[in-house]
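The lines below spell out each chain.
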Amino acid sequence: MTTTATPGARPAHPGASSFGWRRFLPGSEGVLGWLVTLAMIVLVALPLTAMLLHLAFPRLYLGDFSLGEFQLFRDLWERRLWRTAVTNSVMLAGGTMVLGTLIGAGLAWVRHNYRFPTAGLIDFSAWFVLVMPSFIIAQGWVLFSRSGGTAAQLGMPWLGDMIFSLPGLILVMSLTNFPLAYLAMSAALQWDVRRYGEAARLCGASAWRTFLAIRLPLLLPALLAASLLVFVDSIGDFGLPAAFLSVFRFPLIPYTIRAEVQTVPVSFEGAAVLAFVLCSLVALAIALQLWALRGRGSDFLTAAAAPRERPRPRFWPVLMVLNVTFLSLAIFAPLGTSLSVSFMDRYSLGLTWSNLTLDNYRAVLGEGSALLPALRNSFSIAFGAAAIAMVVGFFAAYLLAYSQHRMRRFIDVASMVTLAVPGIVLAVGYIFWWNQRWLADIGIQVYGSGWVIVLCSAAASVPIAVRVMLGAITQTPRSFLASAALQGAGLFTRMRVILIPMVLAGLLSATLAVFATSVFDLAITTMLQPPGFPTIPVVIDERFRTVEYGWATAATVVVCLITAAIIVATRWSVRWAFRSYFDAEVSHK
């Protein structure tokens, strides 16, 4: 007779009785499951539910459950601003979905089929653009394209008229979101499946017929996933309309939601309707993807699959020139312009020796600068959000990997839902939930303090933390934890002694990723920022909209450098303090 154990099994304490009232209490893993469930309810479920309830009960935040008249739904196409915002958002996201997917898929195809100098820079550019906040890239495009900007100084004044139009916005958004399509397609193209095509050619199929019948269906799931990611990120993006507003008025749903909440008269009902429309468009896109993939098998890889070989083609100089040209357009045009403007005395005089100065940096770092209190607040928010997301993400990933807790399915869904919900919508939900009168009556005053931004930022970052941690935790054999459980080690002893040392690198990466994204989250902070509580993205955005370009760009450079320094210092400190864990990890590999 053999004895088996699971990581969640109760240890066999000699003095513990298997009978009596204690057997009705949940074990340590059960308690952990309920605590994570509670955290998901507070962070995700309650705000989103409050937003949906607000559609039916528009005075809910006052404790009034009077049913609304749904008049605003009927007004959706009668209000010109709303109608224009919805139409513009659909056209912009749809065009970006097509162009961004073509750019990302094309780059992935070239990267995984050919070998040429500078090919590795495609990976670098994809990750670099992916981690940069969209409003900073959009600000760089505004400076590059506006009248008297870098494009005009380079003899391309016509570029401004092109960028400040719907096709131009689609181009800018595509150059910002192409990494999502590139990474999705790269995962599908890294394996060599030419044998399927060779078999078709042996049967007499033409090259075009082989592509349509073999290659395209195999890539369709990745292609649809890439399109969906680009569409969802584009239609919910808040950074681009915020940056372009000072030069080009192009109403979009996210910025219109902000206007409904932050302009007088305040219209929470209008914000709820537009948020519902935005979520419905995202849900429709997801449903269309699922419908397109119905009944299609995607498990075409076999044991014979091997990494794709990449020959150097005869036309590699052409590929190299095209690659460098694209990278210059995607990275150096916007971000190089922002960097150069930060050293200019007057933006209109251009980049000349006589116009170079450090005054912008002195103003940003000098006494009385608006950036200094914003640094303190935003970094505090980012540290708090990273800590919450790290704890919740680690325990949720553990439960998803090893537990059969009854709320496991809810935790899985709740940990992913904010990935598809735009940050501006999540922030609206936080307003509706934490602005309830009865919460203030019982002494819970989260809305109007920095904590509401911390909680919302943590909720938006939970998918990142959970998925990164899940990838690391699932590599740890279940038998390690089961063996420790048989020896009497409790749940948290098993985590501390076995699991955390094994996944410390993933835990560190997830925490730093959440920290970096929380520092520059413009959509959440601009919606939830309390009066007298400046934050970095809002301060930079306000200075940019008041045409203080030198100050705004210098502040962006300073914050990026500080953020990068904190990340590097934290990684070095953790690796030094726990070097035995990292050395053991390297040896294990």
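What you see is a predicted model, and the numbers here were worked out from it, not measured in a lab. For every chain, the first residue of its written sequence is number 1, and the numbers climb from 1 along that sequence. Local features in this predicted model are restricted to residues whose pLDDT is 70 or higher, and side-chain atom pairs enter the listing and the counts only when it is 80 or higher, whereas totals over whole chains, interfaces and linings include all residues. Hydrogen atoms and water are omitted, and side-chain values are computed over all heavy atoms in the structure.

Participant: What am I meant to see in the overall build of the protein here?
Facilitator: On a plain count of helices and strands, the protein comes out with 26 helices and two strands. Counting the 589 residues in the protein, one finds 50% classified as buried. Each accessible area is a Shrake-Rupley result for a 1.4 Å probe, and residues are judged covered by the shown protein chains and nothing else. Carbon and sulfur atoms form 65% of the exposed surface of the protein, whose accessible area is close to 28,400 Å². Helix and strand assignments follow DSSP, with helices taken as H or I runs no shorter than four residues and strands as E runs no shorter than two, numbered in order from the N terminus. Note on classification: 1.4 Å probe, protein chains only; a residue is buried when its accessible area is under 20% of the maximum for its type, exposed when over 50%, partly exposed between these limits.

Participant: Would you mind showing me how to read the packing of aromatic side chains here?
Facilitator: Here a pair means two rings of Phe, Tyr or Trp (six-membered ring of Trp) with centres within 6.5 Å. Their orientation is stacked below 30 degrees between planes, edge-to-face above 60, and tilted elsewhere. Counted by the stated rule, this structure contains 18 aromatic pairs. Each ring, one from W433 and one from W438, has its centre 5.9 Å from the other, and the planes form 75°; the classification is edge-to-face. On the basis of relative accessibility, which here comes to 16%, the residue W433 falls in the buried class. Each residue in the set F164, F244, F248 and F250 is aromatic and connected to the rest through ring pairs, giving one cluster. The positively charged end of R79 is found above the aromatic ring belonging to W82, 4.4 Å away from the centroid. Sitting over the face of the ring of W551, R543 holds its NZ or CZ atom 4.2 Å from the ring centroid. Criterion for a charge above a ring: Arg CZ or Lys NZ at most 6 Å from the ring centre, at most 35 degrees from the ring normal.

Participant: Please clarify how empty space enclosed by the protein should be interpreted in this entry.
Facilitator: Over the atoms, a rolled probe matching the size of one water molecule traces out where space is still vacant. Here a cavity means grid points, on a 1 Å grid over the protein atoms only, where a 1.4 Å probe fits yet cannot get out; a pocket means an open set of points with protein on both sides within 12 Å along at least five of seven lines; lining residues are those with an atom within 4 Å of a point. Grid points are joined across faces, edges and corners, and a volume is the space filled by probe spheres set on the points. Enumeration according to the criterion identifies one cavity of 30 Å³ or more in this entry. The computed volume of the largest cavity comes to approximately 40 Å³. Taken together, S89, L92, A93, S234, I235, D237, L252 and P254 form the lining of the largest cavity. Of all elements in the fold, only α3 (80-113) and α10 (207-235) reach the threshold of two or more residues within the lining of the largest cavity. The biggest single contributor to the lining of the largest cavity is α3, with three residues.

Participant: Before we go on, may I ask you to explain the environment of P317 in this structure?
Facilitator: Among the structural elements, P317 can be located in helix α14 (residues 316-341). With 200 residues separating them in the primary sequence, P317 and P117 have C-alpha atoms 8.4 Å apart.

Participant: What is the right way to read the nonpolar core from this model?
Facilitator: Most often, soluble globular proteins keep nonpolar side chains buried together rather than apart. Only buried residues count toward a nonpolar core, which is a set of Ala, Val, Leu, Ile, Met, Phe, Trp, Tyr and Cys residues joined through side-chain atoms within 4.5 Å. One finds F244, I257, Y398, Y430, I473, L528 and I536 to be the most contacted residues of the largest nonpolar core, which totals 176 residues. Only heavy atoms matter for contacts: two residues are in contact if any of them lie within 4.5 Å across the pair. Excluding its chain neighbours within four sequence positions, the residues that come into contact with I536 are L371, A374, L375, S378, F379, V519, F520 and V559.

Participant: Which parts of the structure should I look at to understand the pattern of salt bridges?
Facilitator: When their charged atoms lie close together, side chains carrying opposite charge are able to pair. Any carboxyl oxygen of Asp or Glu that lies within 4 Å of a side-chain nitrogen of Lys or Arg is treated as forming a salt bridge with it. Evaluated as defined, the whole model comprises five salt bridges. Of the charged contacts, one joins D541 and R545 as a salt bridge, the two residues approaching to 3.1 Å between their closest N and O atoms. Of this pair, D541 and R545 both sit in helix α24 (residues 536-545), separated by four residues, roughly a single helical turn. One salt bridge in this structure joins R543 and E548, with 3.1 Å as the shortest N-O distance. Looking at R543, the relative accessible area reads 22%, which means it is partly exposed.

Participant: So what exactly am I meant to see when it comes to the packing of helix α18 (residues 423-434) against helix α20 (residues 450-473) here?
Facilitator: Working note: a packed helix pair is described by the angle between its axes plus the distance between those axes. Interaxial distance between α18 and α20 falls to 10 Å at its minimum, and their mutual angle equals 135°. Regarding the angle of α18 to α20, the classification is oblique. Our pair here, α18 against α20, has a crossing hand that is right-handed. Here L426, A427, Y430 and W434 of α18 lie close against α20, whose contacting residues are V452, L455, C456, A459 and A460. In terms of residue class, the contact of α18 with α20 is built from nine nonpolar, no polar and no charged. For every element, the axis is a line fit to its C-alpha atoms; helices are fit only across the contacting stretch, and the angle between N-to-C directions ranges from 0 to 180 degrees. The cut-offs work like this: below 35 degrees is roughly parallel, past 145 is roughly antiparallel, 65 to 115 is roughly perpendicular, and the gaps in between are oblique. In this scheme, a crossing is called left-handed if the near helix is turned counterclockwise away from the far one by less than a right angle; it is called right-handed if the turn is clockwise. Just so you know the grouping, Ala, Val, Leu, Ile, Met, Phe, Trp, Tyr, Cys and Pro go in nonpolar, Asp, Glu, Lys and Arg go in charged, and all remaining residues, Gly too, go in polar.

Participant: Where do I start with the confidence of the model for the protein in this structure?
Facilitator: Detailed reading of the predicted coordinates is not advisable wherever pLDDT falls low. Looking at the protein, the pLDDT average stands at 82 and 90% of residues meet or exceed 70. The pLDDT score gives, residue by residue, the confidence of the prediction method on a 0 to 100 scale. This model gives residues 1-6 a pLDDT under 50, and the stretch forms five contacts once residues within four places in sequence are excluded.

Participant: I keep staring at helix α5 (residues 134-145) and nothing clicks. Help me out?
Facilitator: Since one α-helical turn is 3.6 residues long, residues separated by three or four positions face the same way. Over its 12 residues, α5 extends 16 Å from the first C-alpha to the last, a length consistent with the 16 Å expected when each residue adds 1.5 Å. Among the 12 residues of α5, 12 are classified as buried, and the element is accordingly described as predominantly covered. Every buried residue belonging to α5 is among S134, F135, I136, I137, A138, Q139, G140, W141, V142, L143, F144 and S145, and all of these are buried. Expected span of a helix, by definition, is 1.5 Å for each gap between consecutive residues, and there is one gap fewer than residues.

Participant: Please clarify how the side chain of D541 should be interpreted in this entry.
Facilitator: The exposure class assigned to D541 is buried, which follows from its relative accessible area of 4%. If we ignore the near neighbours within four places in the chain, the residues touching D541 are Q139, A242 and L522.

Participant: What is the right way to look at a nonpolar patch on the surface in this model?
Facilitator: On the surface, L339, F343, L351, W353, L356 and L358 cluster together into a nonpolar patch covering about 650 Å² of accessible area. One can find L339 in helix α14. Like-charged residues are merged into a patch within 9 Å and nonpolar side chains (Val, Leu, Ile, Met, Phe, Trp, Tyr) within 5 Å, provided each residue has over 30% relative accessible area and no salt bridge.

Participant: Can you help me understand the side chain of T176 in this one?
Facilitator: On the secondary structure map, T176 appears in helix α8 (residues 166-189). By relative accessible area, T176 is classed as buried at 9%. Beyond its immediate stretch of four places on either side in the chain, T176 contacts V129, S134 and I137.

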